[in-house]
Amino acid sequence: MNLLEAMRVYVRVVERTSISSAARDLGIGQSAVSERIERLEQFLGCRLLQRNTRAVKCTSEGEVFYTSSKQVLEAATRAVFEVSQDNTQMAGQIRIAAPHCLGEGVVPEAIRHLRAVCPSMSIDLVLEDRPLDLISEGVDLSFRFGRPADGSFIACQLGQVQRMLVAAPSYLARAPVIRQTDDIAAHPFIRIKGDFDNEALPLIDAQARESTTPIQTAMTMSHWRPMYDMLCGAAGIGVVKVPACIEALKGGSLVPVLPGHKVPPLDLHLLIQAKHPFPSRVRLAVDEIRRCVPEILRAREMRGEAYGSP
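Residues numbered from 1 in each chain as written. Predicted model: local features only at pLDDT ≥ 70, side-chain atom pairs only at ≥ 80, totals over all residues. Heavy atoms only, no water.

A.B. asks: I'd like to hear about the domain arrangement of the protein, residue by residue, with values.
C.D. replies: Accessible area lost upon the coming together of the parts serves often as the stated size of an interface. Structurally, the protein comprises domain 1 (3–84), domain 2 (92–157 + 268–304) and domain 3 (162–266). The distance between the C-alpha centroids of domain 2 and domain 3 comes to 27 Å. Tallying the contact residues gives 12 residues for domain 2 and 14 residues for domain 3. Summing both partners gives a buried area of about 1,100 Å² for domain 2 against domain 3, and 65% of it is carried by carbon and sulfur. Counting every contact that joins domain 2 to domain 3 gives zero salt bridges. (Domains from an automatic or database assignment. Contact = heavy atoms within 4.5 Å. Buried area = accessible area lost by both parts, 1.4 Å probe. Salt bridge = Lys/Arg side-chain N within 4 Å of Asp/Glu carboxyl O.)

The structure is reproduced here in structure tokens:
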């Protein structure tokens, strides 16, 4: 048994939560994927996956093996790159798509890291809030908020993006006081189209209890920057993604509203074209992004919590 290849198949099955989806991504038959997983379980002497008719789920041993397998596969990719005498396979362009707000700090920082590791790689960054079809748009990698629907891609979770309910101090100084969640509906709410369309804001209190409270939408924006400017200009209250608004929180032009409550964070995924095999430069880019972006998000979350504390 080729253990490294079996790990690669196993990781794909876990990330796609489906043997059939993993088989399509890998370009092999569903029965071949099932056989490799079964042989891997026999080799290890434990069950890795719980299977049903709709999806697969890791056992506790499977979770441990998944984490270790990812680390082994990423290390193998780096090892090949570091000792290769011919880096021409790493040269060429990678097209990366991301929402506009991630273009404020997070993605540029990741690209700087990627270019430092592989200076022969060329990056084409596309900032677009709407979901892009990777194949028709010629996108190799795409950052996407929330849980992605099924498609011709592989989705890897990078972490979570924290959100915060905020307003300008000058707005709060002249507006009715917000002491509890029910007070929010009395204030003009500014939001991005597609966010909180049901006119309800989810919140988590200090006891980790989640509830929703009504909002009164005054303005919707198709781009995060005008919303940000309207909030800083004391036009109302709204929810911002913390990594994009560190400077506003640091400078005090935005402050938390109801700091005892949190807005649930958004999952952040990296979508990858389901090619088999991956071009070497794409595989390297994926490995580096999966390593550095969670660290970038954690650092910005800590700064946001520090600057946004009451």
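Don't stop here, the text continues.
A.B. asks: An account of the pattern of salt bridges is needed here, citing residue identities and associated values.
C.D. replies: Throughout the structure, instances matching the rule amount to 12 salt bridges. Across the pair R95 and D124 runs a salt bridge whose closest N-O atoms are separated by 2.9 Å. Linking R95 in strand 3 (residues 92–98) with D124 in strand 4 (residues 121–127), this pair joins segments that are 29 residues apart in sequence. A relative accessible area of 26% means that D124 is categorised as partly exposed. Between D205 and R209 there is a salt bridge, and its shortest N-O distance comes to 2.8 Å. For D205, a relative accessible area of 16% corresponds to the buried category. One salt-bridge network, held together by shared partners, links E5, R8 and R36. (Helix = DSSP H or I, 4+ residues; strand = E, 2+ residues; numbered from the N terminus. Buried < 20%, exposed > 50% of the residue type's maximum accessible area, 1.4 Å probe, protein only.)

A.B. asks: Any details on the side chain of H269? Residues and values, ideally.
C.D. replies: The topology assignment puts H269 in strand 13 (residues 263–273). Since its relative accessible area comes to 8%, H269 is described here as buried. Polar side-chain contacts of H269 include one of 3.0 Å to the backbone oxygen of G146. (Polar contact = N/O pair within 3.5 Å; in protein donor to acceptor, adjacent residues only side chain to side chain.)

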